[in-house]
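Structure at a glance
Now for the letters of each chain:
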Amino acid sequence: MIRACSNLSDLEHSLPLPVGDFFHSNTEYSQAVRLYLQGGDFKMAEKSTARAIGMVESNQRCDMLQNIVKFWEGHKEAKNFLPSSSISFLLLLLFRSPKDAAAAQQAQKCVSMLGCKVIKLAVSQKGLSKKVLYDFSSEAFKVEVTKALVEEYKGNPIGVLQWYVHRNNSSRATEVAKDVFMKCSNDELFKMMSLITSKETHISELLFKEVLNREKKTKKDLFINTVKIYLNSNSWNLELAFKASTETLRTKEKVAKNMTQVSKEWYSKRNDERIRDALSRKFRMKNPTNFLVSLNLLLNPEDPRNVTFSKRFIKQFGPKIVESLVLKSVSNPKHAFSILAKFDVSAFNHLQEKIREKEIRQKEILQEETFAVNDRVKVHNLLKRKDLNGKLGTIIQGKNKKSERYEVKLDGINKTWALKASNIVKDHSNMESSSDNSYEFNDSDSDSSSSSDAHGPPPLLPRRNDSDSESNSSGDIPPLNSQDSSVTSDDDDVSVTHGRSRRAQVVNSDSSDDSSMPDLVSHAKSSSDSDNGSNDSDSDSDSQRGFRRVQPKNSPRKQQPSRRKKKGGKKR
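What counts and how
Residues numbered from 1 in each chain as written. Predicted model: local features only at pLDDT ≥ 70, side-chain atom pairs only at ≥ 80, totals over all residues. Heavy atoms only, no water. Salt bridge = Lys/Arg side-chain N within 4 Å of Asp/Glu carboxyl O. Helix = DSSP H or I, 4+ residues; strand = E, 2+ residues; numbered from the N terminus. Buried < 20%, exposed > 50% of the residue type's maximum accessible area, 1.4 Å probe, protein only. Contact = heavy atoms within 4.5 Å. Phe/Tyr/Trp six-rings, centres within 6.5 Å; stacked < 30°, edge-to-face > 60°. Axes fitted to C-alpha atoms, helices over the stretch in contact; angles between N-to-C directions. Parallel < 35°, antiparallel > 145°, perpendicular 65-115°, else oblique. Nonpolar A, V, L, I, M, F, W, Y, C, P; charged D, E, K, R; others polar. pLDDT = per-residue confidence, 0-100. Pairing = 2+ DSSP bridges.

1. Topic: the pattern of salt bridges
The final tally for this structure, using the stated rule, is 12 salt bridges. Note that Lys 120 is salt-bridged to Glu 144, the shortest N-O span being 3.5 Å. Within this pair, whereas Lys 120 is found in helix H10 (residues 116-125), its partner Glu 144 is found in helix H12 (residues 142-152), the two being separated by 24 residues in sequence. For Lys 120, a relative accessible area of 31% corresponds to the partly exposed category.

2. Observations regarding the environment of Ile 196
Structurally, the position occupied by Ile 196 is in the loop between helix H15 (186-195) and helix H16 (201-218). Its relative accessible area of 2% is what places Ile 196 among the buried residues. Along the sequence, Ile 196 and Tyr 230 sit 34 residues apart, while their C-alpha atoms lie 9.6 Å from each other. In this structure Ile 196 touches Ile 158, Gln 162, Ile 203, Ser 204, Leu 207, Asn 234 and Ser 235, once residues within four positions along its chain are discounted.

3. Some words on the packing of aromatic side chains
Applying the stated rule across the entire model yields 11 aromatic pairs. An angle of 75° between the planes, with centres 5.0 Å apart, marks the rings of Tyr 134 and Trp 163 as edge-to-face. Linking Tyr 134 in helix H11 (residues 133-136) with Trp 163 in helix H13 (residues 158-166), this pair joins segments that are 29 residues apart in sequence. Residues Tyr 134 and Trp 163 agree in their burial class; the two are buried. Their ring planes at 20° and their centres at 5.1 Å tell us that Phe 242 and Trp 266 sit as a pair that is stacked. Placement of the pair is Phe 242 in helix H18 (residues 238-248) and Trp 266 in helix H19 (residues 252-267), with a sequence separation of 24 residues. Each of the two residues, Phe 242 as well as Trp 266, counts as buried. Aromatic ring contacts, followed pair by pair, group Tyr 134, Trp 163 and Tyr 164 into a single cluster.

4. What to know about unusual backbone geometry
For Asn 168, which is not a glycine, the phi torsion comes out positive at approximately 60°. Take Asn 168: it is sitting in the loop between H13 and helix H14 (170-182).

5. What to know about the packing of helix H4 (residues 42-53) against helix H7 (residues 87-96)
Relative orientation of the contacting elements H4 and H7 amounts to 75°, with a least axis distance of 9 Å. By the angle class used here, H4 and H7 are roughly perpendicular. Seen from H4, the contacting residues are Glu 46, Thr 49, Ala 50 and Ile 53; seen from H7, they are Ile 87, Ser 88 and Leu 91. Class assignment for the residues of the contact of H4 with H7 results in 4 nonpolar, 2 polar and 1 charged.

6. Structural notes on the confidence of the model for the protein
On average, residues of the protein carry a pLDDT of 74, and 71% of them reach 70 or more. Long-range and interchain partners of residues 434-490, a stretch whose pLDDT sits below 50, account for 106 contacts in this model, where long-range means more than four residues apart.

7. Comments concerning the environment of Ile 424
Here Ile 424 lies in strand E5 (residues 424-426). Taking the C-alpha atoms as reference points, Ile 424 and Asn 389, separated by 35 residues in sequence, lie 9.2 Å from one another.

8. Quick look at the pairing of strand E3 (residues 405-410)
Burial within E3 is extensive, with 6 of its 6 residues counted as buried. Of the two faces of E3, the one holding Arg 405, Glu 407 and Lys 409 and the one holding Tyr 406, Val 408 and Leu 410 are both buried throughout. Here strand E2 (residues 392-397) pairs with E3 via 4 bridges, running antiparallel. Residue pairing in the sheet places Thr 394 in a bridge with Lys 409 of E3. Relative to strand E4 (residues 416-420), E3 runs antiparallel, the two sharing 5 bridges. Bridge assignment links Val 408 to a residue of E4, and that residue is Trp 417.

Right, here's the structure in full:
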């Protein structure tokens, strides 16, 4: 009768249950559930729902289950009728809250009984991200989840790997890493490393393998940046830092090129106890790697075990590498040489020469402080202007703070030379010749003179004679000032100043008689009545030479009338 009826809508209102049975028998389970719920037969409604769930997965089935869920949601009393263990209840829970369905420890049941299409339909209806599908099955929805992650972490591909690692799915992270790394440049790869935390060791290992593959293909030094990143506090991974550093020392060419940078990174962490503990543990191995040997030289240069392994290291990579490592941590050259001498004395003999040069330089520095204006000096150790070595001169200007040179007027040359303190020494020959001629300037020498007269002639002191200098007569003493010639020198230790010096220029006399006398002299005023007595001949010769007598300390002075204040008078 129901089949013969052309309009079933009238019968549905009057006979919902028989019509529901009709639809149930014809596998139209959505309509059957609607009529069973309308007629109050919840048991048959659940049966039809179960039959619909058991159908082969297809688009038609998805639409049918979606309609069934709507019919069940429209009857509040019917929802309370379903037991929580029934499949129909799980279907309603899935469309109501996909997250709750996945968290109810029935995710696998949803996948096996409801199917992937129904789950994706339920998630899309709620407007949720497809990442939720991972909670149902990481394997069944890996494509959908990966696409969703790539879209979410666009510009930060390492976030995709981190998302999988945080869910303890290292295998899936490894699979995704191949696709992610293939699209990244070297800079992007290092950026990924810096974003990885110390706990994400699996991602660090994946990145290290990728760097290793690129190093072999491109032959670029990528491991130096890798060491920097793995020694960073955020991306700390000591084991991979050891491995990356070992790769930098694979060949002799890489050692010479990379050791300076790698040792700099490790030396900056020299106080980290984690590194020292790991190094001590690894260095106990029978045959430690070259990097471990170099690191122990850098951090523990006085370790006696270095002697054995360093000989092998020197033979393979040369003494310069060993020397640079020890000198980096030992600043004292003597101490460094005492350590390196245990390895090979002949290979590090040049350090002794440097130590000697340093000591000589320190002595020269101490000697620099004794030079003063008007000091007589002798030039030596000039390399490019060897013709000036042995020349005598006088310092006319103190040390220049910028150039660290003294202005020296050389005898017989009308030029002022700027010389370093290491290229001049004090000349004592002038003092000796002065003592021989009894031209002493200190009081102690005047007391020990060999004169027969206790109150003999006092020592002579040079004094400028203004009258003689103005007259510019043809005497034995040349003029004091002379024009300097502007001549340049290409010697590193010598430079020539231009123009007239502010101080008085010193010019040597051509006379051979005055060679032992001081260069800076002045004429004495000629006076006929300067001295009397038995020393007239000496005074005359002295006045001709341009000297004046100075009264010695111990000689008696001529008493002069005292100037006492008279009573009642004013002081004169």
